[in-house]
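Overview (structure and organization)
Listed below are the residues making up each chain.
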Amino acid sequence: MSLPRIAVDAMGGDEGVRVMVEGAALARRRHDRFKFLLVGDEERIKAALEDHPNLRRSSEILHAADVIRGEDKPSQALRRAKTTSMGMAINAVKAGDAGAAVSAGNTGALMAIAKLALRTMPGIDRPALSALLPTLGDNDVVMLDLGANTECDARNLVQFAIMGAAYSRIVTGLDAPRVRLLNIGTEETKGTDVLKDATTMLKAASHELALSFDGFTEADKVCRGDVDVVVTDGFSGNIALKAIEGTARFVADLLRRSFASSLRSKVGFLISRPATELLKHHLDPNNHNGAVFLGLNGVVVKSHGSASALGVANAVAVTARLLEENLTERIAADLARVGADSLRKTRTAAAEAGE
């Protein structure tokens, strides 16, 4: 079966063309049915492809004369979108020349260009940035929003829950992912009015959806494995994500320093090396790379700017899987099942209950 191409912004990220092309080549080995549209400086891409003949045979190059820089503001990026590798990759999705786009470039610029070019799906007010985080359970946890929307109302959070659950069903295989709202406590009396209204709305709509909703979770339980989808506004989500990533780096650095502190510690490291290697693998962000902009009329995936080739490969692999599993169509079906009118009525009832 012929599958849509994946457009790769080959100029994005800290390492640029070399790592992006190498990552796409690694991903191609896992998803050999996919073809790629590599967007960026044609000469540099051709040179990088010399080491990856398999990818070269399944790719087309789209020359882009300009690049979005890390320091560019979204407004600047929008004005130059038509000539930049990032903008041209997203416009390829809009034009139907690619099914999805992957970039490791400026997150704000990517969000602005993608939202303007692809627009939000019917029934979605705002797209959300979602990522997979490792847990102690059998599956990763989907968390959203991670920075696209600093302020959200209850309706936004409900839409995030619907999109996050659809994403979770694809990556975990669960029929009804466990969805929780991020809060300062699990008691029903805790949190803002927005969270309480969203809870009322989700409880009323959950019987129409393939998800299990049961209130709140706290930040220290995000990675315990007790929840499959954590929903929050972009302000809180971004802070929580960076705190989790910072803690992971702190633990890794602390272990490294401890094992190097004495001869006895070095011997202990050799004995415990299998366990520490497993920990390193679990905490390595490259193994969980690929944040997805949910709610757009097309699939757009953000790779870490500092990702290695393996990290880029994982981001591309996430993109391929979302295309294979028809993420956008699944979200649309869930929204239709609940219905915008139903959510509006539930929101009105929640507001009246709070009066």
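Refer to the structure presented above.
Residues numbered from 1 in each chain as written. Predicted model: local features only at pLDDT ≥ 70, side-chain atom pairs only at ≥ 80, totals over all residues. Heavy atoms only, no water.

Take a nonpolar patch on the surface next. Taken together, Phe250, Val251 and Leu254 make up a surface patch of nonpolar side chains, about 260 Å² in accessible area. As for its placement among the helices and strands, Val251 is situated in helix α9 (residues 234-259). Residue Val251 is classed as partly exposed on the basis of its relative accessible area of 32%. (Patch = residues over 30% accessible without salt bridge, like charges linked within 9 Å, V, L, I, M, F, W, Y side chains within 5 Å. Areas by Shrake-Rupley, 256 points an atom, 1.4 Å probe, with all protein chains shown as cover. Salt bridge = Lys/Arg side-chain N within 4 Å of Asp/Glu carboxyl O. Helix = DSSP H or I, 4+ residues; strand = E, 2+ residues; numbered from the N terminus. Buried < 20%, exposed > 50% of the residue type's maximum accessible area, 1.4 Å probe, protein only.)

Turning next to the sheet that holds strand β11 (residues 299-302). Spatially, the eleven strands line up as an open sheet ordered β3-β2-β1-β4-β11-β10-β5-β6-β9-β7-β8, and their pairing is mixed. Of all strands in the sheet, those with a lone pairing partner are β3 (59-63) and β8 (212-217), marking the two edges. When the angles between neighbouring strand axes are averaged without regard to direction, this sheet yields 25°. In this sheet, strand β4 (residues 100-103) lies alongside strand β1 (residues 6-9) in parallel orientation, the contact comprising three bridges. In the strand pairing of β4, Ala7 is matched with Ala101. (Pairing = 2+ DSSP bridges. Axes fitted to C-alpha atoms, helices over the stretch in contact; angles between N-to-C directions.)

Attention now goes to the pairing of β11. Burial along β11 is two-sided: the face carrying Val299 and Val301 and the face carrying Val300 and Lys302 are both buried. In this structure, β4 lies alongside β11, joined through four bridges in parallel fashion. Counted as the bridge partner of Ala100 is Val299 from β11. A loop of four residues connects strand β10 (residues 291-294) with β11, the two strands running antiparallel in sequence, and Gly295 in this loop sits at a positive phi of about 105°.

Let's shift gears to α9. Here α9 spans 37 Å end to end across 26 residues, near enough to the 38 Å set by a 1.5 Å rise per residue. Among all positions in α9, only Gly234, Gly237, Ala240, Leu241 and Ala248 are buried. Two or three places before Phe235, at the start of α9, stands the capping residue Asp233, its side-chain oxygen 3.0 Å from that residue's backbone nitrogen. (Expected span 1.5 Å × (residues − 1). Polar contact = N/O pair within 3.5 Å; in protein donor to acceptor, adjacent residues only side chain to side chain.)

What follows covers the pattern of salt bridges. Within the structure shown, the criterion is met by 16 salt bridges. In this structure, the salt-bridge partner of Glu60 is Arg5, at a minimum N-O distance of 2.7 Å. Note that Glu60 is positioned in strand β3 and Arg5 in the segment before β1, a separation of 55 residues in sequence. Look at Glu60 and you get partly exposed, because its relative accessible area is 44%.

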